[in-house]
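Analysis of the macromolecular model
This is what each chain is made of:
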Amino acid sequence: MVAKRIIPCLDVFEGRVVKGVRFVDLKDAGDPAECAAAYSRQGADEIVFLDITATHEKRKTIVEVVKKTAERVFVPLTVGGGISSVEDIKNILRAGADKVSLNSAAVRNPDLIRQGADMFGKQCIVLAADVKRMMNGRYNIYIQGGRVDTGLDAIDWIIRAERLGAGEILLTSMDADGTKKGYDLEITKAVVESVNIPVIASGGCGTLSHFADAFEIAGVDAALAASLFHFGELTIGEVKKFLIDRGIEIRK
Amino acid sequence: MIGIIDYGLGNLFSIHNALKSINISSKIITSPEQISGYDRLILPGVGAFPEGMKHLKEKGFTEILKNTAKPILGICLGMQLLFEEGEEFCKTEGLGLIPGRVVSIEKPSKDNLKIPHMGWNKLEIIKESSLSKSLEGNYVYFVHSYKVFTKTENIIAICDYGQPITAIVEKNNVFGTQFHPEKSGDIGIRLLKNFANISI
C-alpha cells in the first residue's frame, strides 16, 4: 500500500526561506532550493513551499525558485501561497512543481478548483484549509494568512472542495500552529472521515509521538512540519525511524 | 544521447534534470525527424489516454515509435500508450508495442482505496531485467487512475494497491514504468541510469 508521507514545509518570502511562528515572526534562513535538496537527502517524501511574498510584482520570484529547485530535487514539490488564477497554476506547474495548493483564492472563487482540476488533473490541486476553533466547538475557514474569518464551516467547505475536484487537503490548525503541542487531532480526524482524498496534517507538531498520533489517531496520509525540521530539532530520518519502529508504513 | 519526446503533455524538464544530475545527456525532441540523432528514447506523459494518442498522432510520432528498434522508456501515461488499447473515457487504440490494455483501477467498495493511486509504493520485482537492477523492495512515486493489464511475461515489477498494479514492463526494446522515476528520489535516478546503460 501507499506509504505515509513526511513533508517539510518551507515558507518563502521574496525568494528566500523564512519561518513564521504563528504567521508573524520572520527569520531569514537561506536558499529554498538548497534547503529542499537537504530535506530530500534526509528522506523527505515531498516538499512544500509556501510563498508568503506580499506584493504581486514580486510573486514571480517563486517561479524562479521552483525552477532552481526542480533542477536538483527529485521528489514531488507542492507550491502554495498567492495562487489565484489558472495562469498562476500553469506557471508554477511548468516551472517544475507537481502540485499547487489553493487557499484564499479558492474561497473567493471556488470554480478555480474545478478549472485547475479539469486542466491539469485533480492530483495536482491541493486545497489548503486554515481552520480555527470557534466558541461553539465548530471550526471556521480562515484566509489571507489566517487574518480573515470567512464564516465558512471547515467541514462543509472541505467537502465542497473535494466535489469541485481537489485531489488532496492540506489542513492547518491555526490554534495549534507554532505551539509544538501536537496536531489538532479532533478536526484532523473529522476531516479524514469526511473526505475520500488524502489529508495532510499541519500545525503544532513538536515531538516524535505527535507524528505517530497524526497517523494512528487522526488517520492522515501525510504529516507536515516546518520549524521542527527547519531548526534541526528533529531530522526527517529520525522521524521516519521512529514511525517504522512503531509499525507504520514509511518509505525508508 | 537520450531523446525525450515532447508531444505537448508531461513534465519533460524533470526527466531532463534527473538525467543531467547523473551526467547523462538528453535533449527534448519535438518532431519525428529528430529521432535518428538519438540512441534511446523516453516517452513521458501526464494526462488522459485519448488526449495522449491524439497529440502523438498530430505530432507525427506514432509510426516511427511503432517501427524503431531503439530502446524506448515510457513513463506513466507514456507507458500506458505503449499498449494496444486504452479504456479511459472511451476505447482508444494505443501504440500496440506491447500486447495489453489500460483499464481503470478497481475500487472494491469495502476498502477505503483512494483514486488516483498517489504516493510512494513498494516495488516487487517478479522478473529479472537490466532495468530493475537493485530496485527490489524500494519505494517509488505513483500518480495514476488507470492501470495496465498484460500477460505476466511482459511484467518486470508490480506493487500492491489492494490489487496488483503493473509497475514496470518490458518487451524486446520497449520498457515502461507506471511510476515517475524523475520524482522517485535516488531509486528513480537508479532506474534512469539502468535505462541509459541497457546495451543496444
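Residues numbered from 1 in each chain as written. Chains lettered and ligands numbered in written order. Predicted model: local features only at pLDDT ≥ 70, side-chain atom pairs only at ≥ 80, totals over all residues. Heavy atoms only, no water.

1. Things to note about the overall build of chain B
Along its length, chain B carries five helices and 14 strands. Taken over C-alpha atoms, the radius of gyration comes to 16 Å for chain B, in line with the 16 Å a tight globule of 200 residues would show. In chain B, which comprises 200 residues, the proportion classed as buried is 60%. Put simply, of all contacts in chain B between residues at least 6 apart along the chain, 70% involve residues at least 24 apart. (Helix = DSSP H or I, 4+ residues; strand = E, 2+ residues; numbered from the N terminus. Rg over C-alpha atoms; globule rule 2.2 N^0.38 Å. Buried < 20%, exposed > 50% of the residue type's maximum accessible area, 1.4 Å probe, protein only. Contact = heavy atoms within 4.5 Å.)

2. Digging into the interface of chain A and chain B
Contacts between the two partners involve 27 residues from chain A, matched on the other side by 28 residues from chain B. Across the interface of chain A and chain B, roughly 2,200 Å² is buried in total on both sides, 58% from carbon and sulfur atoms. The largest share of the area that chain A buries against chain B comes from Met-1, Phe-74 and Asn-196 of chain A, three residues that together contribute 32% of it. Run the count over chain A and chain B and you get two salt bridges. The residue Asp-98 of chain A makes a salt bridge to Lys-183 of chain B at a minimum N-O spacing of 2.9 Å. One can count nine residue pairs in polar contact (both at pLDDT 80 or more) joining chain A with chain B. A breakdown of the residues in the side of chain A that touches chain B according to their chemical character gives 11 nonpolar, four polar and 12 charged. (Buried area = accessible area lost by both parts, 1.4 Å probe. Salt bridge = Lys/Arg side-chain N within 4 Å of Asp/Glu carboxyl O. Polar contact = N/O pair within 3.5 Å; in protein donor to acceptor, adjacent residues only side chain to side chain. Nonpolar A, V, L, I, M, F, W, Y, C, P; charged D, E, K, R; others polar.)

3. A word on the state of the cysteines
Here, disulfide denotes a covalent bond that connects the sulfur atoms of two cysteines. All names here are of chain B. Inspection of the entire model under this criterion finds zero disulfides over all chains. For the unlinked cysteine Cys-159, the closest cysteine sulfur is that of Cys-76, found at 12 Å. Assessed through its relative accessible area of 1%, Cys-159 is described here as buried. (Disulfide = S-S within 2.5 Å.)

4. Concerning the packing of helix α8 (residues 208-218) of chain A against helix α10 (residues 236-245) of chain A
Residue and element names in this part refer to chain A. Across the interface, α8 lies against α10 with an axial gap of 10 Å and an inter-helix angle of 55 degrees. Looking at the two axes, α8 sits oblique to α10. Between α8 and α10 lies a crossing whose hand is right-handed. Judged by residue contacts, Leu-208, Ser-209, Phe-211, Ala-212 and Phe-215 of α8 engage Glu-238, Val-239, Phe-242 and Leu-243 from α10. (Axes fitted to C-alpha atoms, helices over the stretch in contact; angles between N-to-C directions. Parallel < 35°, antiparallel > 145°, perpendicular 65-115°, else oblique. Left-handed = near helix turned anticlockwise from the far one by under 90°.)

5. Comments concerning the pairing of strand β5 (residues 99-102) of chain A
Residues and elements named next belong to chain A. Every second residue of β5 is oriented toward a common face, with Lys-99 and Ser-101 on one face and Val-100 and Leu-102 on the other, all of them buried. By the bridge criterion, three bridges tie strand β4 (residues 77-80) to β5 in an arrangement that is parallel. Note that in β5 the partner of Val-79 across the bridge is Val-100. (Pairing = 2+ DSSP bridges.)

6. Quick notes on the packing of aromatic side chains
Any aromatic ring pair is given by two values, namely how distant the centres are and how the planes are angled relative to each other. Residue and element names in this part refer to chain A. As enumerated under the stated definition, the model contains six aromatic pairs over all chains in all. Where Tyr-183 meets Phe-211, the ring centres are 6.4 Å apart and the plane angle is 75 degrees; that geometry is what we call edge-to-face. Of this pair, Tyr-183 sits in the loop between β9 (168-173) and α7 (185-194) while Phe-211 sits in helix α8, and the two are 28 residues apart along the sequence. Comparing Tyr-183 with Phe-211 shows no difference in burial state: the two are buried. Here the aromatic residues Tyr-39, Tyr-183, Phe-211 and Phe-229 are joined through ring pairs into a cluster of three or more. (Phe/Tyr/Trp six-rings, centres within 6.5 Å; stacked < 30°, edge-to-face > 60°.)

7. Remarks on the pairing of strand β7 (residues 98-104) of chain B
Residues and elements named next belong to chain B. Pairing analysis gives three bridges linking strand β5 (residues 83-86) to β7, with the strands arranged parallel. The residue bridging Glu-85 from the neighbouring strand is Arg-101, located in β7. In this sheet, strand β11 (residues 146-149) lies alongside β7 in antiparallel orientation, the contact comprising four bridges. For Val-102, the partnering residue across the bridge sits in β11 and is Val-148.

8. Things to note about the pattern of salt bridges
Residue and element names in this part refer to chain A. In total, this model carries 23 salt bridges over all chains according to the counting rule given. When the shortest N-O distance is used, the salt bridge between Arg-251 and Asp-45 registers 2.8 Å. Of the two residues, Arg-251 sits in the segment after α10 while Asp-45 sits in the loop between α1 (32-42) and β3 (47-51), which places them 206 residues apart along the sequence. Taken individually, Arg-251 and Asp-45 each receive the classification buried, so the pair is uniform in this respect. The salt bridge involving Glu-233 is made with Lys-180; its shortest N-O contact spans 2.7 Å. A residue pair is termed long-range when its members are at least 10 positions apart, and Glu-233 in the loop between α9 (227-230) and α10 and Lys-180 in the loop between β9 and α7 qualify at 53 residues. Judged by its relative accessible area of 41%, Glu-233 is partly exposed. The partly exposed category is assigned to Lys-180, whose relative accessible area is 31%.

9. Comments concerning the packing of helix α6 (residues 154-164) of chain A against α7 of chain A
Residues and elements named next belong to chain A. Following both chains from N to C, one finds α6 and α7 inclined at 35 degrees, their axes separated by 10 Å at the closest point. Our pair here, α6 against α7, has a crossing hand that is right-handed. Contacts between α6 and α7 involve Ala-154, Ile-155, Ile-158, Ile-159 and Glu-162 from the first element and Ile-187, Ala-190, Val-191 and Ser-194 from the second. Looking at the contact of α6 with α7 residue by residue, the class counts come to seven nonpolar, one polar and one charged.

10. Brief notes about the side chain of Asn-154 of chain B
Along the chain, Asn-154 of chain B turns up in the loop between β11 and β12 (155-160). Side-chain polar atoms of Asn-154 of chain B contact the side chain of Thr-150 of chain B, separated by 2.9 Å.

11. Here's the deal with the confidence of the model for chain B
For chain B, the average pLDDT comes to 94, and 98% of its residues sit at 70 or higher. Two numbers describe this predicted complex: its pTM, 0.93, and its ipTM, 0.90. (pLDDT = per-residue confidence, 0-100.)

12. Focus: the confidence of the model for chain A
Close inspection of predicted coordinates is inappropriate in any region flagged by low pLDDT. Per-residue confidence for chain A averages 92 on the pLDDT scale, and 96% of its residues sit at or above 70. Here residues 20-28 of chain A scores under 50 on pLDDT; set against residues more than four positions off or in separate chains, the count is 23 contacts.

13. As for the sheet that holds strand β6 (residues 92-93) of chain B
The sheet built from four strands is open, its strands ordered β6-β5-β7-β11 (chain B) with mixed pairing. Each edge of the open sheet carries a strand with a single partner, namely β6 and β11 of chain B.

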